[in-house]
Amino acid sequence: MYNIVFVGAPGAGKGTQASMVARKLNMVHISSGDLFRQALEQGTELGKQAKACMERGVLVPDEITIQMVMERLSAPDCEKGVILDGFPRNLTQAEALDSALSEPGKTIDKVIHIKAAEAELIRRLSARWLCRQCQAVYNMVNSPPKVAGKCDKCGGELYQRPDDKPETVKKRLGVYFAETAPLIDYYRRQGKLSEVAGEGSMEEVTRRIVSALPEEKLVTR
Ligand code: AP5
Ligand code: MG
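What comes next is a walk through the structure. (Residues numbered from 1 in each chain as written. Chains lettered and ligands numbered in written order. Predicted model: local features only at pLDDT ≥ 70, side-chain atom pairs only at ≥ 80, totals over all residues. Heavy atoms only, no water.)

## Some thoughts on the nonpolar core
What tends to happen in soluble globular proteins is that the nonpolar side chains get buried as a cluster. Phe6, Leu73, Leu84 and Leu97 are the most contacted members of the largest nonpolar core, which totals 54 residues. Considering each element in turn, this core owes the most residues, six residues, to helix α4 (residues 62-73). Ranked by size, the runner-up nonpolar core spans five residues in total, among them Cys131, Ala136, Tyr138 and Cys151. (Core = buried A, V, L, I, M, F, W, Y, C linked by side-chain atoms within 4.5 Å. Buried < 20%, exposed > 50% of the residue type's maximum accessible area, 1.4 Å probe, protein only. Helix = DSSP H or I, 4+ residues; strand = E, 2+ residues; numbered from the N terminus.)

## Observations regarding the layout of surface pockets
Here the second largest pocket is characterised by a volume of approximately 210 Å³. As for the second largest pocket, its lining consists of Arg37, Leu40, Glu41, Lys51, Met54, Glu55, Arg132, Tyr159, Arg161, Pro162 and Asp163. Of all elements in the fold, only α2 (32-42) and α3 (45-56) reach the threshold of two or more residues within the lining of the second largest pocket. A per-class count over the lining of the second largest pocket returns four nonpolar, no polar and seven charged. (1 Å grid on protein atoms, 1.4 Å probe; cavity = no way out; pocket = protein on both sides within 12 Å on 5 of 7 lines; lining within 4 Å. Points joined across faces, edges and corners; volume = space filled by probe spheres on them. Nonpolar A, V, L, I, M, F, W, Y, C, P; charged D, E, K, R; others polar.)

## As for the packing of aromatic side chains
Each aromatic ring pair is summarised here by two numbers: the centre-to-centre distance and the angle between the ring planes. Considering all chains together, one arrives at two aromatic pairs under this definition. Both rings, one in tyrosine 176 and one in phenylalanine 177, keep their centres 5.1 Å apart while their planes meet at 75 degrees; by these two values the pair is edge-to-face. By relative accessible area, which is 6% here, tyrosine 176 ends up buried. Taking 5.1 Å as the distance between ring centres and 80 degrees as the angle between the ring planes, the aromatic pair formed by tyrosine 186 and tyrosine 187 counts as edge-to-face. Side by side, tyrosine 186 and tyrosine 187 carry an identical accessibility label, which is buried. In this arrangement the basic side chain of arginine 132 is found over the ring face of tyrosine 159, its NZ or CZ atom lying 4.3 Å from the centre. (Phe/Tyr/Trp six-rings, centres within 6.5 Å; stacked < 30°, edge-to-face > 60°. Lys NZ or Arg CZ within 6 Å of the ring centre and 35° of its normal.)

Structure below.
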């Protein structure tokens, strides 16, 4: 079992890469943002609690987020190893995760920091579309769907995230640098951090990430 965290600014490619790497290495991809968006789509209590924060581009309160992710992590499929995308997002969440994974053999083994220039992040987010049903991510400039407005994988309807509006992207970037970026040092001190350049083709970035992982821990398929 091998557990990985992906850290990076909005638009760095966490979701894209977590999905590609998880498929390649037969791991489970857990995105806190996707869990919140699913809850919003389904109109659940969790979705209602998260909605206002997501629309403003600020973090959902820790109690709500930590409980949601811990519940997901307790599912049996997580035994084969997980890639966490978008969680933890601040030191409180990182410490909660460390104490939840304190049993022998259960830990965060590696943290991948995906880096990209701010201008590139903004370009990517303004052209991102995603599937309402399965959350697959597209980009109208460099990875459009085969049929406009429809998901290649499940046929679901594609939409633009309301928090990808330029003013909300600016807010999210500010929140990232103030609250999430300190995690990079936290994990560096634990000797778990690898930094990966997030620009170049998606396949190139996947190769960089996989080569930062120890070979013996990984079962590719
Ligand atoms: P979340 O959904 O996690 O958003 P985010 O961190 O802002 O990150 P993004 O999903 O925008 O970017 P990404 O790095 O996944 O990029 P992607 O792969 O899609 O969080 C949303 C909100 O939920 C938060 O603001 C908060 O309110 C709440 N929330 C979530 N987690 C929380 C937590 N732990 N605590 C509290 N609140 C939380 O790629 C972007 C685009 O670029 C796509 O179009 C893609 O196709 C394209 N692209 C990707 N790679 C490349 C490449 N190599 N070249 C060219 N284009 C590329
Ligand atoms: Mg994402």
